[in-house]
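Residue-level listing of the chains:
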Amino acid sequence: MTLQFHNTLTGEIDKFESIVPGKVSIYTCGPTVYDYPHIGNWVAYIYWDTLVRVLMANDYDVTRVMNITDVGHLVSDADEGEDKLEKGARREGKTAWEVAKFYTNDFLNGMKQLGLVTPQFIAKATDYIPDQIKLVQKLVDKGYTYQIDDGIYFDTSKFPTYADFAHLNLDAQKAGARVEFNQQKRNASDFALWKFTPAGEKRDMEWLTPQEILEDGKWNMEDGKSQSIANSQIPIANSQRMGFPGWHIECSAIAMSILGETLDIHTGGIDHIPVHHTNEIAQSESATGVIFSNYWLHNNHLKVNNTKISKSLGNGYTLKDLQEKGYSPLDFRLFVLQSNYRKEGNFTFDNLQSAKNRLHNWRNIAALRHQIHDTLQSEAERAKDDKTISLLATSQAIIEALNDDLGTPQALKIIDEAFARITRSSLSRVDRQSLIQLLETIDSTLGLQLIDSTPDISDEEKKILLLRKSARERKDWDKSDELRDELLKLDVIIRDTNSETVWEYKI
RNA sequence: GGCGCGUUGACGGAACGGUUACGUGGAGCUCUGCAAAAGCUUAUAAAUGGGUUCGACUCCCAUACGUGCCUCCA
């Protein structure tokens, strides 16, 4: 099976081909750091992490960029309303910079807990202000922009394919819109590239608006009239017009600065299709004249108890909430992998429990590697062994399942079937090396850390096991049960099969 | 008001125009020193009504319900 993904750009499952053979560039829309991420946010990062792991399993050299939106952009697509970071700052009595730093660290910590591969570039928007200005400059120079009272806007009517990506019906949307648009905008879909700090305000995060991106060195004053900055009546301070980037410009600027004008893959949530990604495409392709990204992958959303997660409803659990209820980030990771990234998921604690149990069972399989010895049989004999052969084929089957548009549910099924073959057979017939190899494949593609999370039992515990073995051999059942209880207290469960005794983790 | 999506068993969740998905949980049986595991069995699976077809969970139409975007949010 070749590597293929559902591409929003074409609406089809497309065979993946990178621009440079063997190398792939990916841009992932990252978090806005003004609050704790909820489980719905994490779903996206888990799926895109799987994408990266699958590409690596196919021997691609992956260069991935994820932005951190640490500059306040506005709360709505209409470029109106309160700024999230400034709002968060007020809520917590901190500056926007402090808020951004705090939640950036929290996010990075969450990534670590979930076992997400760190992107090669984690780009903070505030570190790329000059790049963003440069991109605005380019669009100004090419005539794609216009300036109104509150900022510099992109004229979407100058990008004829604007509606194509999201299959928008702009006229119908305008007619049905329930929000009022900024009356100065030429088209309802026009968006801000650069916003001016409102007169008389001081923001925590603001930068000097370069004269070059302003129209003829003029700007509209509050009375709506254009005045020249050369006018000596205007105080010098006013000529230093402060501003900040619009909502969409950072992703284009960061992506192209680091990865070049055309990316292989751009990822994000489906909610980004109609506005954010549509705007990214418009501004990027207007500036460069070449296609911005060859593949666009979008993850569906997660619901909680069949209702959507939203900040305003306050039903978004955080990783910490899950941990307080006894579920680890990896339990959640397996829960997420149980469904396809394009399907709307539904989170309930029952479902999470189901994933937790599944992971626990898998860990007990992984622990078997400590309990079997390297087989002494020859290569020829090993090749004859069904179990060995099927375990080796399983690794390849997992990768092929994932290659087909990130088929994580199918991959999990393959793992279950392979593990079932192991539990059914006598331990002496399982080849240790091929089990380890399978576990390594699972960990590298799905990030479940089966190997790291399943250490061997202690020497003390092994000693008890041996004592119990001899007690059983002389049919001293009282002693045997006593030793079994002793191990249970140490969180080791044992079970006796026909030929041997197997230990498992209690938790 | 405009545009779109979904509806599979107790729960989660796949594939597929005809063949047991798989997992988690429940019940029963077998095996077993006990326990556990495993194996086997089991519970009216495809929202509803039509249509196409030799045959539909799978394709088409309608209805119901749910839900998403257009407004924060992945």
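The paragraphs below set out a description of the structure included in this document. What you see is a predicted model, and the numbers here were worked out from it, not measured in a lab.

So, about helix 14 (residues 408-424). Taking 1.5 Å as the rise per residue, helix 14 with 17 residues should run 24 Å; its terminal C-alpha atoms sit 24 Å apart, in good agreement. If you check which residues of helix 14 are buried, you get Thr408, Ala411, Leu412, Ile414, Ile415, Ala418, Phe419 and Ile422. Across the axial projection of helix 14, the buried residues extend over an arc of 160 degrees, all falling on one side.

Our next topic: the environment of His298. Secondary-structure assignment places His298 in strand 14 (residues 293-299). With relative accessibility at 5%, the residue His298 sits in the buried group. Remark: the alpha-carbon pair of His298 and Arg64, spanning 234 residues in sequence, is separated by 16 Å. Not counting the four nearest positions on each side in its chain, His298 is found in contact with Thr8, Trp48, Phe165, Gly268, Gly269, Ile270, Ile273, His277, Tyr341 and Arg342. Polar side-chain contacts of His298 include one of 2.7 Å to the side chain of His277.

Looking now at the pattern of salt bridges. For the structure shown, the criterion picks out 18 salt bridges. Residue Lys303 is joined to Glu344 by a salt bridge in which the shortest nitrogen-to-oxygen separation is 3.3 Å. With Lys303 in strand 15 (residues 302-304) and Glu344 in the loop between helix 10 (329-337) and strand 17 (345-347), this pair connects stretches of sequence that are 41 residues apart. A residue is classified by how much of its surface remains accessible, and Glu344, at 42% relative accessible area, is partly exposed. In this structure, Glu482 and Lys479 form a salt bridge, with 3.7 Å as the shortest nitrogen-oxygen distance. Remark: Lys479 and Glu482 occur in helix 17 (residues 477-489); sequence separation between them is 3 residues, near one turn of the helix. For Glu482, a relative accessible area of 44% gives the class partly exposed. Looking at Lys479, the relative accessible area reads 31%, which means it is partly exposed.

On to the packing of helix 16 (residues 459-473) against helix 17. Geometry of a packed helix pair, given as the angle between the helix axes and the separation of the axes. Remark: helix 16 packs on helix 17, axes separated minimally by 8 Å, with the N-to-C direction vectors making an angle of 160 degrees. For the element pair helix 16 / helix 17, the angle class is roughly antiparallel. As helix 16 runs across helix 17, the sense of the crossing is left-handed. From helix 16, Glu461, Ile464, Leu465, Leu467, Arg468, Ala471 and Arg472 reach across to helix 17, where they touch Trp477, Lys479, Ser480, Leu483, Arg484, Glu486 and Leu487. When the residues that make up the contact of helix 16 with helix 17 are grouped by side-chain class, the tally is 7 nonpolar, 1 polar and 6 charged.

This brings us to the sheet that holds strand 6 (residues 145-148). Strand-to-strand pairing in sheets goes through backbone hydrogen bonds, with the strands running parallel or antiparallel. Strand order in the open sheet made by the 5 strands is 6-7-8-12-9, with antiparallel pairing throughout. This sheet does not close on itself; its edge strands, each paired only once, are strand 6 and strand 9 (207-208). With 2 bridges connecting them, strand 9 and strand 12 (residues 242-245) associate as antiparallel partners. Following the sheet pairing, Trp207 is matched in strand 12 by Gly243. Across the sheet, helix 4 (residues 129-141) is in contact with strand 6, strand 7 (151-154), strand 8 (191-196), strand 9 and strand 12; its angle to strand 8 comes to roughly 120 degrees.

What follows concerns a negative patch on the surface. Where like charges cluster on the molecular surface, the negative patch consists of Asp459, Glu460, Asp485 and Glu486. Every element with two or more residues in the negative patch is listed here: helix 16 and helix 17. By secondary structure assignment, the location of Asp485 is in helix 17.

Conventions and cut-offs
- Residues numbered from 1 in each chain as written.
- Chains lettered and ligands numbered in written order.
- Predicted model: local features only at pLDDT ≥ 70, side-chain atom pairs only at ≥ 80, totals over all residues.
- Heavy atoms only, no water.
- Helix = DSSP H or I, 4+ residues; strand = E, 2+ residues; numbered from the N terminus.
- Expected span 1.5 Å × (residues − 1).
- Buried < 20%, exposed > 50% of the residue type's maximum accessible area, 1.4 Å probe, protein only.
- Arc of directions from axis to C-beta.
- Contact = heavy atoms within 4.5 Å.
- Polar contact = N/O pair within 3.5 Å; in protein donor to acceptor, adjacent residues only side chain to side chain.
- Salt bridge = Lys/Arg side-chain N within 4 Å of Asp/Glu carboxyl O.
- Axes fitted to C-alpha atoms, helices over the stretch in contact; angles between N-to-C directions.
- Parallel < 35°, antiparallel > 145°, perpendicular 65-115°, else oblique.
- Left-handed = near helix turned anticlockwise from the far one by under 90°.
- Nonpolar A, V, L, I, M, F, W, Y, C, P; charged D, E, K, R; others polar.
- Pairing = 2+ DSSP bridges.
- Patch = residues over 30% accessible without salt bridge, like charges linked within 9 Å, V, L, I, M, F, W, Y side chains within 5 Å.
- Areas by Shrake-Rupley, 256 points an atom, 1.4 Å probe, with all protein chains shown as cover.
- Lys, Arg positive; Asp, Glu negative; His and termini not counted.
- Charge placed at Lys NZ, Arg CZ, Asp CG, Glu CD.

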